[in-house]
Amino acid sequence: MSTCVERIQAIFSQILYREVESPQVDLFETGLLDSMGLIELLFNLEQQFGFQLDIAHLDLDQFRSIESIASLVESSGVGQAS
Amino acid sequence: MTAKLLQDYVVRQAQLRPDEIAIVSGDERLTYSQLDRQSNSLAWRLRAAGCQRGDRVALLVPKSPLAIVSIIACLKTGCIYVPLDVDSPRDRLDLILESSSSRLLLAVASSASLAEKLLTETARTTRVAWLKGESEPTSSTSSLTPAFSWPVTEAATAPSNAGRPEDVAHLLFTSGSTGRPKGVMITHANVMSFVEWAISHFNYTPEDRISGHPPLHFDLSTFDIYGTFAAGAQLYLASAKLNVLPHKVAEFIRGNELTQWFSVPSLLSYMAKFDVVRPHDFPKLKRLLWCGERFPTPALIYWMKRLPHVEFTNLYGPTETTIASSFYRVPECPTAEDAPIPIGIPCGGESLLVLDERLQPPSAGGVGDLYIGGVGLSPGYWNDPERTRAVFLDEPFGPGSGRIYKTGDLASVGKDDLVYLHGRRDSQIKSRGYRIELGEIEVALQTTSGIREAAVIAIESSGFEGAVICCAVVPERGMAFEPQVLRSRLSQRLPHYMLPSHWLRFESLPLNGNGKVDKTVLRSQFYESLHPEVS
């Protein structure tokens, strides 16, 4: 079974068509994540991991890298579901 | 004193209210006196480096009080400033530097490596100058020999400047269909005519707290900056990263008690989509203005229902006619979700003309080309008489009739005497407020490896983003089709907002009877792939 990081990497490359060099790359500094990308990302995270994110409680830092998105997913307790 | 040139607004406010705040950016605050005196000091350094009236100075400085100080300093030296997008790829900035033949490139620590790349590998005569913020040692880490290095200091007066209102104040580069961005020349008088009209029309006061949302290379930002300074109000600079999370934008408006918000509609739709505006939110907000593209009516209804105390105004106008040329205050919340919102009537000193191919008005209510005349008209494109002549018509109605600019937008005049838009004649699109020539993307694709043939189309989306850019690709023989790799290669040439978000592989591109790529077929194929449930 693929890890949470791998699954998020796959969303970036297969759905958002964005090449992210490593899970630590700063997605904002590199322009890889903008408002349009975020909407698609949220939609796909919700689809794949089956949970709802409340945008009002989200912080930019939680989306800064694939690694930080993975910890957001894992902290919501559904990271291992598939 | 009366303001004759844009920088005079700052000088005047520094006399009237020296200790009032002019600019707020995060924890940073700059008073009018500081803005005036710091820009004086930098203006002397520019002059000492040989900058004369009419010289171009490129700014590679992220939006900040320091960036505004640099802008005012350039103007005080009589120079033309060229704001560069620090997030744009190097290749595109190269074209802009080349075209503007800037004498200096002003950069800061965070843009130092980009400045270095832009200046070291070319035989350009442009020299770098480092602007040091409070704790930014830049020159020591760079191999470039700077023209100067300016620590933030103040001076009581500015160097003498024989500037005139018809002098060019800035060059704003917009997307060009041939792949070469076009530098729109904007004069002091162009901006001041709009600003003077706007501050009286909207009743600006020194108590106003104005948003500074668009990036500095975007012409809307000049209204925020000079409108604020003309009124002696406060400018609140919003960081670009704020856009990603809609509730943070709402917090920004709320927390800073802004009285005016001005942005592209896509951000407003994005905020509506996530429902981040509370009923009767932003009690201090007086005006909400948008410009740059159509604001979808359902999102407008969302905003107007929540903020009954706010005045909603649609502004319209391309960069070539300075900030905006027409306005329409939405009198009441539209009841129908498909109610068209007009672009309204001309701003002071401007005119809107709807004309057919013979430059005659079409029959009542008919659709024609939209032309703009009057005080906002740019003198044209920098160093490009050919492209200038193509769209700026000189006295088409006889001597003394004035110049008009062909916008490329299709429009009609309604029974209510208001002007309505009906799309474009060419392949220019708006995506998230950015003006994009699809041709510029196609030119970049032609030189992207892995691609044998490609075509780009745009599909209007029902979402907040405006047009969605779609790319049809025939890969090189034997090459895999990997959109993420192609997108990444393309990002070396184009800013991120121009990158296609949808990609389809083709064995060959569909052609029409004339042997050209059949974009209608492509459009329907992309439409089907984006809306599988419909087909």
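Numbering of residues starts from 1 in each chain and follows the order in which that chain's sequence is written. The naming scheme follows written order: chains are lettered A onward, ligands numbered 1 onward. Side-chain atom pairs in this predicted model are given and counted only at pLDDT of 80 or more, local residue features only at pLDDT of at least 70, and totals for whole chains, interfaces and linings cover all residues. The basis for the side-chain values is all heavy atoms of the structure; hydrogens and waters are excluded.

For this particular structure, what's the right way to read the overall build of chain B?
Per the secondary structure count, chain B includes 14 helices and 27 strands. Atoms counted for the radius of gyration: C-alpha only. Globule rule: 2.2 Å times residue count to the power 0.38. Whereas a compact globule of 535 residues would reach a radius of gyration of roughly 24 Å, chain B reaches 23 Å, a difference of no more than 12%. A principal-axis box enclosing the C-alpha atoms of chain B has dimensions of 70 × 55 × 55 Å. Each residue is placed in one exposure class: buried if its accessible area under a 1.4 Å probe, protein chains only, is under 20% of its type's maximum, exposed if it is over 50%, and partly exposed if it falls in between. The 535 residues of chain B split such that 58% are buried. Accessible surface for chain B amounts to roughly 21,500 Å². Of this, 49% is attributable to carbon and sulfur atoms. In chain B, 54 side chains carry a positive charge and 58 a negative one; their mean positions are 3 Å apart. Helix and strand assignments follow DSSP, with helices taken as H or I runs no shorter than four residues and strands as E runs no shorter than two, numbered in order from the N terminus. In these tables, accessible area is a Shrake-Rupley quantity obtained with a 1.4 Å probe, and a residue counts as shielded only by the protein chains included in the view. His is not counted, nor are the chain ends; Lys and Arg add positive charge and Asp and Glu add negative charge. For the purpose of locating charges, the reference atoms are NZ of Lys, CZ of Arg, CG of Asp and CD of Glu.

Mind showing me how you'd approach the nonpolar core here?
The tendency in soluble globular proteins is for nonpolar side chains to be buried side by side. Counting 103 residues, the largest nonpolar core has Leu-35, Ile-68, Leu-106, Tyr-226, Phe-229 and Ile-441 of chain B as the members making the most contacts within it. Here, residues are in contact when the closest pair of their heavy atoms is within 4.5 Å. Look past the residues within four positions of Leu-35 of chain B in its chain and what remains in contact with it is Val-10, Ala-22, Ile-23, Leu-30, Ile-68, Val-69, Ile-72 and Phe-229 of chain B. Leu-45, Ala-70 and Leu-72 of chain A together with Met-271 of chain B belong to the second largest nonpolar core, which has 65 residues in total. What is meant by a nonpolar core is a set of buried Ala, Val, Leu, Ile, Met, Phe, Trp, Tyr and Cys residues, joined one to another through side-chain atoms within 4.5 Å.

It is not clear to me how the sheet that holds strand β26 (residues 467–475) of chain B should be interpreted in this structure. Could you clarify?
Sheet strands pair by backbone hydrogen bonding; their relative direction is either parallel or antiparallel. All names here are of chain B. Strands pair, by our definition, only if DSSP identifies at least two bridges between them. Read from one edge to the other, the open sheet built from three strands follows the order β25-β26-β27, with strand pairing classed as mixed. In this open sheet, the two edge strands, each paired with only one partner strand, are β25 (451–460) and β27 (502–505). Neighbour-to-neighbour, the strand axes of this sheet turn through a mean angle of 25°, independent of strand direction. Where β26 lies against β27, four bridges are found, and the strand directions are parallel. By the bridge assignment, Cys-470 is partnered in β27 with His-502. Contacts from helix α13 (residues 483–490) reach β25, β26 and β27, with the element oriented near 120° to β27. All axes here are fitted lines through C-alpha atoms, helices being fitted over the stretch that makes contact, and every angle between N-to-C directions spans 0 to 180 degrees. Each of β25, β26 and β27 is contacted by helix α14 (residues 519–530), which is oriented at about 70° to β25, the strand it contacts most.

Before we go on, may I ask you to explain the pattern of salt bridges in this structure?
Between side chains of opposite charge, a pair can form as their charged atoms come close. Any carboxyl oxygen of Asp or Glu that lies within 4 Å of a side-chain nitrogen of Lys or Arg is treated as forming a salt bridge with it. Under the definition given, this model contains 26 salt bridges over all chains. A salt bridge links Asp-59 of chain A to Lys-248 of chain B, with the nearest nitrogen and oxygen atoms 3.0 Å apart. You can see Asp-59 of chain A sitting in the loop between α2 (35–49) and α3 (66–75) and its partner Lys-248 of chain B sitting in helix α8 (residues 246–255), one on each of two chains. Owing to a relative accessible area of 22%, Lys-248 of chain B belongs among the partly exposed residues under this scheme. Note that Glu-166 of chain B is salt-bridged to Arg-164 of chain B, the shortest N-O span being 3.2 Å. On the basis of relative accessible area, Glu-166 of chain B is assigned to the exposed category, the value being 51%. Bridged by salt links that share partners, the residues Arg-18 and Asp-34 of chain A together with Arg-432 of chain B form one connected network.

What am I meant to see in the domain arrangement of chain B here?
A common way to state how big an interface is: give the accessible area lost once the parts meet. All names here are of chain B. Domain annotation for chain B reports domain 1 (1–137 + 165–176), domain 2 (350–424) and domain 3 (431–530). Between domain 1 and domain 3, the residue contacts involve eight residues of the former and eleven residues of the latter. Buried area between domain 1 and domain 3, summed over both chains or domains, comes out near 780 Å², and the portion from carbon and sulfur atoms is 46%. Defined here as a combined quantity, buried area equals the accessible surface (1.4 Å probe) lost by two parts on assembly, summed across both. It is Pro-89, Arg-92 and Ser-175 in domain 1 that bury the most area against domain 3; as a group they hold 56% of the surface buried on that side. If you look at where domain 1 meets domain 3, you find one salt bridge. All domain edges in this entry derive from an automatic or database-based domain assignment.

Teacher, can you tell me more about the interface of chain A and chain B here?
Taken residue by residue, the interface counts 21 residues in chain A and 22 residues in chain B. Interface area lost by chain A to chain B is led by Tyr-17, Met-36 and Ile-55 of chain A, which between them contribute 31%. If you look at where chain A meets chain B, you find two salt bridges. Side-chain atoms alone can form a polar contact between residues adjacent in sequence; in general such a contact is a pair of N or O atoms within 3.5 Å, and within protein one must be able to donate a hydrogen while the other accepts it. The tally of links between chain A and chain B comes to four residue pairs in polar contact (both at pLDDT 80 or more). When residues of the side of chain A that touches chain B are traced back to their parent elements, those giving at least two are α1 (4–15) and α2 of chain A.

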